[in-house]
Structure formats: structure tokens, C-alpha cells
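So you can see what is in the structure, the chains are spelled out below.
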Amino acid sequence: MLRKFDFSIGEFYHLYTRGTEKRKIFLDQKDYLRFMVLLSLCNSKESIHLSDHWKKSPTELFALPKNEGLVDIGAYCLMPNHTHILVHERIEGGISSFAKKIFTSYSMYINKKYHRTGGLFESRFKAKHLNSNEYLKYQFAYIHLNPIKLVQFDWKEKGIIDIIGAKKFLEEYRYSSYQDYIGVKRPENIILTKEAFPDYFSEDLDFEEFVSSWLNFKEDEEV
């Protein structure tokens, strides 16, 4: 299915993809780590063979040198069978090149590791153009709150039963950029280029208050 828009330098987009037949694309902790390392290393004009470095520690992998980035990444979340990435087009063709590199590399890794063949993802990656300030800011909530589905699938319809527990779960969920917005220092911090995005959360507390407001959200409420 063709997109109804072209990627443009300076614009913001929500990229997302799902495993074929909604199957899991992350089966263990190392799979999640592999994809997060790729988020960093594939965001470069040059190619890098991660298999040459895979015995390195996570800190060393995220510290591997790279040249100019293809995109700016503002947020991401990895779920068992799908991914969300918030990006800013940095150079012409940056998003398409970045997406091709990361999804191809990860698919090859999974197929080799689990002795499988065929496509890992249900289709080419999908994208939404975030063409308003409100729509862009909303994505920081939408993307980062995705893991709540793992503890309460119907939270949007029924409201969160245990808000304190849900917030704690988000704070401990390592496979998104949530921790990077609440001040946790970790090697994964290098994935984001926050300065390329509007300064919605100049303080860690601003982000926590923003998330707290959405934790009380129900789908029948007006957005």
C-alpha cells in the first residue's frame, strides 16, 4: 500500500511495524537489545557489521563510533510483536534508508538465530506524518504508554485499575525510551536526539506529569 505523502526534511513521523500474522518478533532479552543497538548503529550513513562486534558489552556496543545520522529519534517502544519509532527527517531519504537498514538487519538476525525463513514483518513499515504540534506531542504519550497493554490490555476502555502499579511497570520497562525521559542514566541514552524535537519536557518532572495525566485517560473521554 502506497503512502499518501513523501518524507520531507524537517518533518516528524511515527514509524511502526508488526510481526507477520501478529507473531512475536522479540523472543528474549537479547532480541530486544539487538534491536536497540540497531536503532543507534543503523542511524548512520555508513554501514556497520554488527556481527563483528556482538561479543562486546551493551555499553561498548552503544559506544561504537558512527558518522552523521540519517534521522533524529525522539522516542521508541518495542513490544513483543510490534515496534514504534518517532523520527525527524534529517537528510533527504534518511527515513527510508534508516528503516531499510534496521528492519532488514534485524530480520536477518532473527531468521539466522531461530532457523526460520521468510518475512519477519507483515509488510513494509508504516508511517504517519505528525503535521501538527498537538499530534506530535500526543505521540510521546501514545508510544510510551504502549507497554501498559502487557499488564492490562483493556486499559483504554476501562481505565487503569492500578495506576501506581502501571506507572512502576513503565518505569522499569527497559525496551522503550521512557527511562531516558525520567532521568535514568544508561547506555541506551545515545539512541535519542532530543534536541531535534520541541522542548515539551525541559525537566524530568514535566514528562512524569504529562504521563500521569494520560494514565487517567479513558477512551470515551475527549482528547
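Everything here concerns the structure above.
Here, residues in each chain are numbered from 1, in the same order as that chain's written sequence. This being a predicted model, a pLDDT of at least 70 is required before a residue's local features are given, and a value of 80 or more before pairs of side-chain atoms are given or counted; all residues contribute to the totals for chains, interfaces and linings. Hydrogens are left out, water is left out, and the side-chain values use all remaining heavy atoms of the structure.

Visitor: Go over the side chain of S40, please, and point to the residues and values.
Guide: Only runs of H or I of at least four residues qualify as helices and only runs of E of at least two qualify as strands under DSSP, and these elements are numbered from the N terminus. Locating S40 in the fold gives a position in helix α1 (residues 29-41). Note on classification: 1.4 Å probe, protein chains only; a residue is buried when its accessible area is under 20% of the maximum for its type, exposed when over 50%, partly exposed between these limits. A relative accessible area of 1% means that S40 is categorised as buried. Among all residues touching S40, those that are not within four sequence positions of it are F62, K66, I190 and I191. Throughout, a residue-residue contact means that at least one pair of heavy atoms, one from each residue, lies within 4.5 Å.

Visitor: So what's going on with the environment of L130? Residues and values would help.
Guide: Note on placement: L130 falls in the loop between β4 (126-129) and α4 (133-144). Distance from L130 to L86, taken between C-alpha atoms, is 9.4 Å for residues 44 residues apart in sequence. Leaving out residues up to four positions away in the same chain, L130 has contacts with F12, Y13, H14, L86, Y135, L136 and Q139.

Visitor: So what's going on with the pairing of strand β2 (residues 71-79)? Residues and values would help.
Guide: Within β2, 9 of the 9 residues are buried, leaving the element largely enclosed by the surrounding structure. Each pair of strands is called paired provided DSSP finds at least two bridges between the two strands. Linking β2 to strand β3 (residues 82-89), which pair antiparallel, is a turn of 2 residues.

Visitor: Can you explain the pattern of salt bridges? Please cite residues and give values.
Guide: Two side chains that carry opposite charge are able to pair once their charged atoms sit near each other. One speaks of a salt bridge when a side-chain nitrogen belonging to Lys or Arg is within 4 Å of a carboxyl oxygen belonging to Asp or Glu. Scanning the entire structure with this criterion turns up 10 salt bridges. The salt bridge involving E21 is made with R23; its shortest N-O contact spans 2.7 Å. For D72, the salt bridge identified is with R90, shortest N-O distance 3.3 Å. With a gap of 18 residues between them, D72 in strand β2 and R90 in the loop between β3 and α3 (94-113) connect regions that are remote in the sequence.

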